[in-house]
Amino acid sequence: MSTLKPTAVRRVAVIGGSRVPFARSDGPYATASNQEMLTAALDGLVERYALRAPGSVGEVVAGAVLKHSRDFNLARETVLGSRLDARTPAYDIQQACGTGLQAVVAAANKIALGQTEAAIAGGADTTSDAPLGVNDDLRKVLLEARRAKSPGARLKALAKVRPRHLVPDIPRNAEPRTGLSMGEHAAVTARAWGITREAQDELAAASHQRLAAAYERGLMKDLVVPFRGLDRDQNLRPGSTVEKLASLTPVFGLDRPDPTMTAGNSTPLTDGAALVLLASEEWAEERGVEPLAYLTAHETAAVDFVHGDVADGEDGLLMAPAYAVPRMLERAGLGLADFDLIEVHEAFASQVLATLAAWEKRGLAPVDRARLNVAGSSLATGHPFAATGARIVATLAALLAERDAPGRGLISVCAAGGQGVTAILERP
């Protein structure tokens, strides 16, 4: 009887990233599909790292949150429409706003176990081209007509169609279990943690200013590929200040006194795509490519927001990283003080600040704001749901490489459904 030998776990290198500039919904990418944006990002990686040769990459892992039925095989169709070898396998993955980072984790695990040498991971989303569902009552009538055994039975079923059935089902930014939008959930959490309007506006202004500085010093030149007339993120406002943001009217939490969340300290609806190239050290060495960083740990978590958040509890919809990060750090034998850079996805400024407060409450050290989102984050770039995780991985890896010294970075991404995906990148 034969037995399998245990596989040594290998280090997973982050080689580089590629994304299209993110655009505000119904703007320059209004007619761009998920596949078109993801293909542009993929071709950027293929050209930058000479990946056209057969077998250059073992597989592609990507996904989207808002998907048409035509997107059922999005990753594979993207490969077939790109400059990557058409014989490269690909599959879809989805975990709401954590999709991009979870795709990176899935690809990295195969590399770590020696099942592939290189992989590409990320995602795309468009809110401009969001799918419109057939009215559910109309769907039932049409299915009844399809099942009919005779022309008469078919006509009888179709006669049930009424004008109200022609109204499509519009995608809703709401949690199925609570009926509350993500912004309304974040407003509940902001109240529970006592997050002020001024603190939110300060974080938002810093995000724009830091992203603008990152573009100016050239950090993004190897990460962003021009697309449809854009060469940098459309949502970026270099002149953003706390004073300007303070003039905006609150848009969430209006059912309670003194709402604090505005369009300026919340992410806008966004279109875009982002990918990351991961590989083994052997793959990188054979091609003479220096890794930007290494993915060394990851963790996911979920909270019961259905009962906790609506009841003004601390376990809000977007608070799962408050549990994932402490678990991950304990397993890695690290504390927040051990990190040179910390990337917290800015779904809302209030959510970032609540997460920082929750980490402290759970015994972690306070985060030095000089190390937090040093190149801006989602408040400035925008947030195409499935693309954000890959954007953050590539940006953090580039930031660690830019320092030209050993360093460590933390990633925290909250997601719909009360979930969170987190990871650690290191540069030796």
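From a predicted model like this one, the values you see are computed outputs, not experimental measurements.

Student: Before we go on, may I ask you to explain the nonpolar core in this structure?
Tutor: Note on soluble globular proteins: their nonpolar side chains tend to be buried together. Ranked by size, the top nonpolar core spans 50 residues in total, and within it Leu278, Ile411 and Leu425 carry the most contacts. The element that contributes the greatest number of residues to this core is helix H14 (residues 388-403), accounting for 10 residues. If near-sequence neighbours (up to four positions away) are discounted, Leu425 is found in contact with Val14, Ala293, Tyr294, Leu295, Val393, Leu396, Ala397, Leu400, Gly407, Arg408, Gly409 and Ile411. Core analysis: the next-biggest nonpolar cluster, separate from the first, contains 37 residues, Ile15, Ala23, Tyr29 and Ala284 among them.

Student: Help me understand the pairing of strand E9 (residues 293-302), please; the structure alone is not making it clear to me.
Tutor: The side chains of a regular strand alternate between the sheet's two faces. In this structure, strand E1 (residues 12-19) lies alongside E9, joined through 3 bridges in antiparallel fashion. In the sheet register, Ala13 faces E9, and the bridge partner there is Tyr294. Taken together, the 8 bridges between E9 and strand E12 (residues 419-427) define a ladder with antiparallel strand orientation. Counted as the bridge partner of Ala301 is Gly420 from E12.

Student: Sorry, what's going on with the packing of aromatic side chains here?
Tutor: The relation between two aromatic rings is expressed through the spacing of the ring centres and the mutual angle of the planes. Inspection of the entire model under this criterion finds 2 aromatic pairs. Aromatic side chains Tyr29 and Phe227 sit 5.0 Å apart centroid to centroid with 70° between the ring planes, which places their arrangement in the edge-to-face category. Of this pair, Tyr29 sits in the loop between strand E2 (23-24) and helix H1 (34-48) while Phe227 sits in the loop between helix H7 (197-216) and helix H8 (242-245); the two residues are 198 residues apart in sequence, bridging distant segments of the chain. Like Phe227, Tyr29 is buried. Summarising the aromatic geometry, the rings of Phe252 and Phe348 are spaced 5.9 Å apart at their centres and angled 90° between planes, so their arrangement reads as edge-to-face. In this pair, Phe252 is assigned in strand E6 (residues 250-252) and Phe348 in the loop between strand E10 (341-344) and helix H12 (349-361), connecting sequence segments 96 residues apart. Considered together, Phe252 and Phe348 belong to a single accessibility category, that of buried residues.

About the thresholds
Residues numbered from 1 in each chain as written. Predicted model: local features only at pLDDT ≥ 70, side-chain atom pairs only at ≥ 80, totals over all residues. Heavy atoms only, no water. Core = buried A, V, L, I, M, F, W, Y, C linked by side-chain atoms within 4.5 Å. Buried < 20%, exposed > 50% of the residue type's maximum accessible area, 1.4 Å probe, protein only. Helix = DSSP H or I, 4+ residues; strand = E, 2+ residues; numbered from the N terminus. Contact = heavy atoms within 4.5 Å. Pairing = 2+ DSSP bridges. Phe/Tyr/Trp six-rings, centres within 6.5 Å; stacked < 30°, edge-to-face > 60°.

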